[in-house]
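# Analysis of the macromolecular model
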Amino acid sequence: MGRHDDSVSAAAAADDAAGDARLRPVDPHHPDPGVIGDAAAALRSGRLVAFPTETVYGLGANAFDPVAVAAVFAVKGRPASDPLILHVASIDDAMSLTARWSDAASALAEAFWPGPLTLVLDRSERVIDGVTGGGPTVAVRLPAHPVAEGLIRAAGVPVAAPSANRFGRVSPTTAAHVASELGPDVSIVIDGGPTQLGVESTVVDVTARRPRVLRPGGVSLEDLRGLLGDVDHVERDVHPVDAVAISPGSSLGHYSPDTPLTLVEGDPSLVGALEGRLAVRGLTCVALPLPADSATAARDLYSLLRALDTTGVDLALARLVDPSGIGRAVNDRLYRAAHGRLVVDAADATVNRLVSLVRP
Ligand code: TXA
Ligand code: MG
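Residues numbered from 1 in each chain as written. Chains lettered and ligands numbered in written order. Predicted model: local features only at pLDDT ≥ 70, side-chain atom pairs only at ≥ 80, totals over all residues. Heavy atoms only, no water.

## A few points about the overall build of the chain
Scanning the chain for helices and strands turns up 13 helices and 16 strands. Expected size for 360 residues packed as a compact globule is a radius of gyration near 21 Å; at 21 Å, the chain falls within 12% of this value. On the principal axes, the C-alpha backbone points of the chain span a range of 60 × 50 × 30 Å. Counting all 360 residues of the chain, 53% fall into the buried class. Restricting the contact set of the chain to residue pairs at least 6 apart, pairs at least 24 apart contribute 74%. (Helix = DSSP H or I, 4+ residues; strand = E, 2+ residues; numbered from the N terminus. Rg over C-alpha atoms; globule rule 2.2 N^0.38 Å. Buried < 20%, exposed > 50% of the residue type's maximum accessible area, 1.4 Å probe, protein only. Contact = heavy atoms within 4.5 Å.)

Here's what the structure looks like:
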């Protein structure tokens, strides 16, 4: 295991985009007002700015500018039907974008904002069709990052921002990830260093009486339930139906590296056994070196997934982490990155199935 694991960790660390004129480095805690001012002016004049939040880097546009919002979809290659989150600098600004603010929304905003929580509510007339895909609701979030907060305040408008990656790819946790993936249509990439949490915000729909988690993220289900009692959520079924389970689903394959990733459940020796059996078949395989602690795993996950594609291995294996707290979001992203594939043994049928991922 050691050699390949080290190569993935090293590739994840060697993450340098020096010389890219779009990059504007700032101290994440005390960002230079000159850089924030330039970026805010760019947003107001209809250009796109990538910026750090506490979760991942966002690709921002003035949320009231239909041309800039359309450019976000074009730059990402994202379908116009997939709505954007509007980032705001205060609860009042969030309320002004919604038609009906609920008690649950107040409780959640007071408890977790600024922070990694996105609320879905009925939209107000101020919200343009371009950000909602024409739907009746809007997603709002007040991020906890001095750069994001400073930028939104200086721009004076809500900032529509998806994660700053190409559609379906792994979200960026460094400015170099953004710069390597998105072209010159992004005029400024504010470089505030690696993001703190590493996975996206929790998206909670509060339009119905019972709040429902649409995407697990930085605020845990336990924390939401501690505040609100009953909270619904979408549970992913990661149990295998045969040697290799493939569960098709619309969102599977999101967050995926090019290197085929498969989840492994069962005895810890199974990963080594699979690596050995795949080596006999002429395939190199690496175990994703995810830290055991789920907060650290969340922070490192996307860099490690990106690094897989630079190491030249044929296949990757990963074990799920403890599902409590932020571990639920880590496992959700791992499951999607693996296209729902999970193996539980190193039997012939399993090994054949893994080989067929590389040699169909
Ligand atoms: O942490 C985050 O949330 C990051 C940072 C940049 O803030 N943003 C982010 O945006 O992850 P994006 O676009 O990559 O993911 C937003 C998710 C998508 O799954 C989208 O479908 C969902 O939020 N969403 C947005 N508006 C929605 C709405 N009105 N109803 C339901 N889901 C919505
Ligand atoms: Mg995204």
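## Quick word on the sheet that holds strand β6 (residues 137-141)
Strand order in the open sheet made by the 11 strands is β1-β8-β2-β3-β7-β4-β6-β5-β9-β10-β11, with mixed pairing throughout. The outermost strands of the open sheet, each flanked by one partner alone, are β1 (23-25) and β11 (232-233). Both strand β4 (residues 85-87) and β6 contribute to a ladder of 3 bridges, which runs parallel. Pairing of L86 across the sheet is with V140, part of β6. Along the sheet, helix α2 (residues 33-44) makes contact with β1, β2 (48-52), β3 (57-62), β7 (159-160) and β8 (186-191), crossing β8 at roughly 150°. (Pairing = 2+ DSSP bridges. Axes fitted to C-alpha atoms, helices over the stretch in contact; angles between N-to-C directions.)

## Description of the packing of aromatic side chains
With the rule as written, the count across this model stands at 1 aromatic pair. Ring geometry for W101 against W113: centres 6.4 Å apart, planes inclined by 50°, an arrangement best described as tilted. Of this pair, W101 sits in the loop between α4 (91-96) and α5 (103-112) while W113 sits in the loop between α5 and β5 (117-122); the two residues are 12 residues apart in sequence, bridging distant segments of the chain. Assessed through its relative accessible area of 8%, W113 is described here as buried. (Phe/Tyr/Trp six-rings, centres within 6.5 Å; stacked < 30°, edge-to-face > 60°.)

## Things to note about the environment of G34
Along the chain, the position of G34 falls in helix α2. Measuring from C-alpha to C-alpha, the distance between G34 and S324 comes to 41 Å, with 290 residues separating the pair along the chain.

## Topic: the pattern of salt bridges
Applying the stated rule across the entire model yields 16 salt bridges. A salt bridge links D232 to R210; the nearest nitrogen and oxygen atoms lie 2.8 Å apart. A residue pair is termed long-range when its members are at least 10 positions apart, and D232 in strand β11 and R210 in the loop between β9 (202-205) and β10 (212-215) qualify at 22 residues. Judged by its relative accessible area of 26%, D232 falls in the partly exposed class. Using a relative accessible area of 42% as the deciding quantity, one classes R210 as partly exposed. Here D348 and R277 are joined by a salt bridge, their closest N and O atoms 2.8 Å apart. Highlighted residues: D348 in helix α13 (residues 348-358) and R277 in helix α10 (residues 269-280), separated in sequence by 71 residues. On the basis of relative accessible area, D348 is assigned to the partly exposed category, the value being 49%. (Salt bridge = Lys/Arg side-chain N within 4 Å of Asp/Glu carboxyl O.)

## Remarks on the side chain of H87
Relative to the assigned elements, H87 resides in strand β4. Residue classification places H87 among the buried residues on the basis of a relative accessible area of 4%. One polar contact links the side chain of H87 to the main-chain carbonyl oxygen of I85, over a distance of 3.3 Å. In contact with H87, other than residues within four places in its own chain, are R141, P143, I152, P158, V159 and A161. (Polar contact = N/O pair within 3.5 Å; in protein donor to acceptor, adjacent residues only side chain to side chain.)

## So, the pairing of β3
Of all 6 residues making up β3, 6 are buried, and the element is well covered by its neighbours. The alternating pattern of β3 places Y57, L59 and A61 and G58, G60 and N62 on opposite faces, both of which are buried. Counting the residues that bridge the hairpin from β2 to β3 gives 4 residues. In this sheet, β7 lies alongside β3 in antiparallel orientation, the contact comprising 2 bridges. For A61, the partnering residue across the bridge sits in β7 and is A160.

## Details of the nonpolar core
In this structure, L86, W113, L117, L119 and L224 are the most contacted members of the largest nonpolar core, which totals 48 residues. Setting aside its immediate chain neighbours within four residues, L119 contacts W101, A105, L108, A109, W113, V138, A139, V140, V204 and V206. Counting residues in each nonpolar core, the second largest holds 30 residues, with L261, L290, A298 and L305 among its members. (Core = buried A, V, L, I, M, F, W, Y, C linked by side-chain atoms within 4.5 Å.)

## Remarks on the confidence of the model for the chain
Across the chain, the average pLDDT comes to 91, with 91% of residues at 70 or higher. Every residue in residues 237-250 is under pLDDT 50, and counting partners more than four places away or in other chains gives 32 contacts. (pLDDT = per-residue confidence, 0-100.)

## Here we look at the pairing of β2
Of all 5 residues in β2, 5 are buried; the element is thus mostly enclosed. Where burial is concerned, the two faces of β2 agree: the one with L48, A50 and P52 and the one with V49 and F51 are both buried. Where β2 and β8 come together, 3 bridges link them in parallel fashion. Residue V49 lies in a different strand from β8, and its bridge partner there is I188.

## Remarks on unusual backbone geometry
A cis amide bond, omega -10°, links W113 with the succeeding residue P114. In this structure, H339 takes a positive phi of about 55° despite not being glycine. Counting through the fold element by element, H339 comes out in the loop between α12 (327-337) and β16 (342-343). By relative accessible area, H339 is classed as partly exposed at 33%.

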